[in-house]
Amino acid sequence: MPSHPILLSAPLLVTRRVQAVVAAIALLSVGAAGAQSAGAPVKVGLMLPATGTYASLGTMIENGFKLYVAEQGGKLAGREIQYFRVDDESEPAKATENVNKLVKRDQVDVLVGSVHSGVALGMAKVARDTGTLMIVPNAGADALTGAMCAKNIFRTSFTNWQPAYAMGKVVAERSHKTAMTITWNYAAGLESAKGFVDGFEKGGGKVTQNLTLPFPNVEFQALLTQIAAQKPDAVYAFFAGGGAVKFVKDYAAAGLNKTIPLYGPGFLTDGTLEAQGDAAQGMLTTLHYADNLNTPRDNAFRLNFAKTYKVNADVYAVQGYDAAQLLAVGLKAAGGDIKNMEKVIAGMSSAQIDSPRGKFSLSAGHNPIQDIYLRQVKGKNNELKGMAIKALADPGKGCKM
Ligand code: PHB
């Protein structure tokens, strides 16, 4: 029996509308997927300290990263860069929660962070579990490119062992026989002290005691009293940021710099000289950067950095800048498609980075193979004094990919 035409056409109309909406949604999502690989911004999650003793280091890294992107006209491999930020407070206990804000909530394509080794280790666990691309622009935890290494984890800075081992070698060559170490009791400090012991004892020296205090405490007095009592030939200290400023000043105020020379990795005097003033003058440190390398590449970088941010670049700025360079290499290798992880990773793994520090490539564990310079504090600069160790590669112990 024929139905009333109006009764028939109403559901038909609804069905057609549903079909049209479904088709439109399908078209939209195809468009979005296409845009993902072609023109959508690459989402960069900056997980750095904005507060606490390492806050200024976080700022320098972020500024360095953004400077490289700006120099490329705001795009890497033709892709706009969109930033997401989390202040990690250099607080390892909050690392998982913080990194998940970037990975789960913001769905970033790449994680850049952090400064503190404990925080970076927490980030790396999430990066491994989720397969998120991660570039470490500072934290030196040896395991990041050692036992915990992964295809998707890269570093543009150093291992804690690298500058420390080099300093141990230099201090032994300077004919010191005994030394004490002093540092914060967490991965970076402990690994740095151990690297120094390796280099110093290999050169014939003996470390008599390793002193520590909790991070980020700066009540150094009791430990300085122990150093004064024991009178080693030399002291090796790992501190950075605000803690480094206070330690170097306290060491000088106690008069110890007159009798027991203080050495350290360059973090002890990088980005800190303005505040350390006279207390730091003449100090020798080892690092993968110095303020007067005087190469055309470094001079151009330093000029642009100073013009843009009204402060001089330091090692942290360089590491952030190179994190952006490394990402650019990966993106280019994948034709701008950040979702093509295989190509991104292959490109990054074989990258030759033309860094302001000098050219470097990455080890099997994705850590820079780089020159470690001997520097000396003169005024507000860490001046190049010589080569401590050329093309030093971290052994990357336990790395299996
Ligand atoms: C670290 O926690 O790995 C760390 C922090 C600050 C530095 C160097 C290393 O300057």
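Residues numbered from 1 in each chain as written. Predicted model: local features only at pLDDT ≥ 70, side-chain atom pairs only at ≥ 80, totals over all residues. Heavy atoms only, no water.

Contacts to the ligand come from 16 residues, most closely from Ser117, Gly140, Tyr186, Ala240 and Tyr316. Within the side chain of Ser117, a nitrogen or oxygen atom sits 2.6 Å from an oxygen atom of the ligand. The side chain of Tyr316 places a nitrogen or oxygen atom 2.8 Å from an oxygen atom of the ligand. For the ligand, whose accessible area on its own is 280 Å², the fraction buried by protein is 100%. A class-by-class count of the residues in the shell around the ligand yields 11 nonpolar, 5 polar and no charged. Counting contributing residues per domain, the shell around the ligand is built from domain 1 (42–158 + 292–369) and domain 2 (161–287), each supplying no fewer than three. (Near = heavy atom within 4 Å. Polar contact = N/O pair within 3.5 Å; in protein donor to acceptor, adjacent residues only side chain to side chain. Areas by Shrake-Rupley, 256 points an atom, 1.4 Å probe, with all protein chains shown as cover. Nonpolar A, V, L, I, M, F, W, Y, C, P; charged D, E, K, R; others polar. Domains from an automatic or database assignment.)

Next up on the list: the sheet that holds strand β6 (residues 153–155). With mixed pairing, 6 strands are arranged side by side in an open sheet as β2-β3-β1-β4-β5-β6. Since the sheet does not close on itself, it has two edges, and those belong to β2 (75–76) and β6, each with one partner. In this structure, strand β1 (residues 42–48) lies alongside strand β4 (residues 110–113), joined through 4 bridges in parallel fashion. Bridge pairing links Gly45 to Leu111 in β4. (Pairing = 2+ DSSP bridges. Helix = DSSP H or I, 4+ residues; strand = E, 2+ residues; numbered from the N terminus.)

Moving on to the packing of helix α10 (residues 296–309) against helix α11 (residues 315–333). Relative orientation of the contacting elements α10 and α11 amounts to 105°, with a least axis distance of 12 Å. On the basis of their axis angle, the class for α10 and α11 is roughly perpendicular. Residue-level contacts link Arg297, Phe301 and Phe305 of α10 to Ala317, Val318, Tyr321 and Gln325 of α11. When the residues that make up the contact of α10 with α11 are grouped by side-chain class, the tally is 5 nonpolar, 1 polar and 1 charged. (Axes fitted to C-alpha atoms, helices over the stretch in contact; angles between N-to-C directions. Parallel < 35°, antiparallel > 145°, perpendicular 65-115°, else oblique. Contact = heavy atoms within 4.5 Å.)

Take the layout of surface pockets next. Over the atoms a probe the size of a water molecule is rolled, and this reveals where empty space is left. Roughly 510 Å³ of volume is contained in the largest pocket. What lines the largest pocket is a set of 26 residues, and nearest its centre among them are Gly271, Thr272, Glu274, Asn312 and Asp314. A total of 5 residues in the lining of the largest pocket trace back to one element, the largest contributor, which is helix α2 (residues 55–71). The residue makeup of the lining of the largest pocket, split by class, is 8 nonpolar, 12 polar and 6 charged. The residue makeup of the lining of the largest pocket includes at least three contributed by each of domain 1 (42–158 + 292–369) and domain 2 (161–287). Taken as a whole, the second largest pocket encloses approximately 270 Å³ of empty space. For the second largest pocket, the full set of lining residues is Asp142, Gly146, Ala147, Trp161, Glu191, Lys194, Gly195, Asp198, Asp394, Pro395, Gly396 and Lys397. It is helix α6 (residues 187–202) that contributes the most residues to the lining of the second largest pocket, 4 residues altogether. When residues of the lining of the second largest pocket are sorted by domain, at least three fall in each of domain 1 (42–158 + 292–369) and domain 2 (161–287). (1 Å grid on protein atoms, 1.4 Å probe; cavity = no way out; pocket = protein on both sides within 12 Å on 5 of 7 lines; lining within 4 Å. Points joined across faces, edges and corners; volume = space filled by probe spheres on them.)

Applying the stated rule across the entire model yields 1 disulfide. Across the disulfide, Cys149 is cross-linked to Cys399 (sulfur-sulfur distance 2.2 Å). Looking along the S-S bond of the Cys149-Cys399 disulfide, the torsion reads about 90°, which is the right-handed sense. Taken together, the residues span a long stretch of sequence, with Cys149 in the loop between β5 (133–136) and β6 and Cys399 in the segment after β15 (381–392) at a distance of 250 residues. Cys399 sits in the partly exposed class, given a relative accessible area of 23%. (Disulfide = S-S within 2.5 Å. Buried < 20%, exposed > 50% of the residue type's maximum accessible area, 1.4 Å probe, protein only.)

Tracing the backbone through its elements, the reader meets Thr285 in strand β11 (residues 284–287). For Thr285, a relative accessible area of 0% gives the class buried. Discounting chain neighbours no more than four positions away, the residues touching Thr285 are Met167, Gly264, Pro265, Gly266, Thr269, Tyr373, Leu374, Arg375 and Asn382.

The next thing to look at is the confidence of the model for the protein. In this model, the protein carries a mean pLDDT of 93, and residues with pLDDT of at least 70 account for 91%. In this model, residues 1–37 is a region of pLDDT below 50 whose contacts with residues beyond four sequence positions or in other chains number 7 contacts. (pLDDT = per-residue confidence, 0-100.)

Tallied over the full model, the rule gives 16 salt bridges. As a salt-bridge pair, Arg85 and Glu62 come within 3.0 Å of each other at their nearest N and O atoms. Placement of Arg85 in strand β3 (residues 79–87) and of Glu62 in helix α2 is noted, with a sequence separation of 23 residues between them. Among the residues examined, Arg85 registers a relative accessible area of 54% and is labelled exposed. (Salt bridge = Lys/Arg side-chain N within 4 Å of Asp/Glu carboxyl O.)

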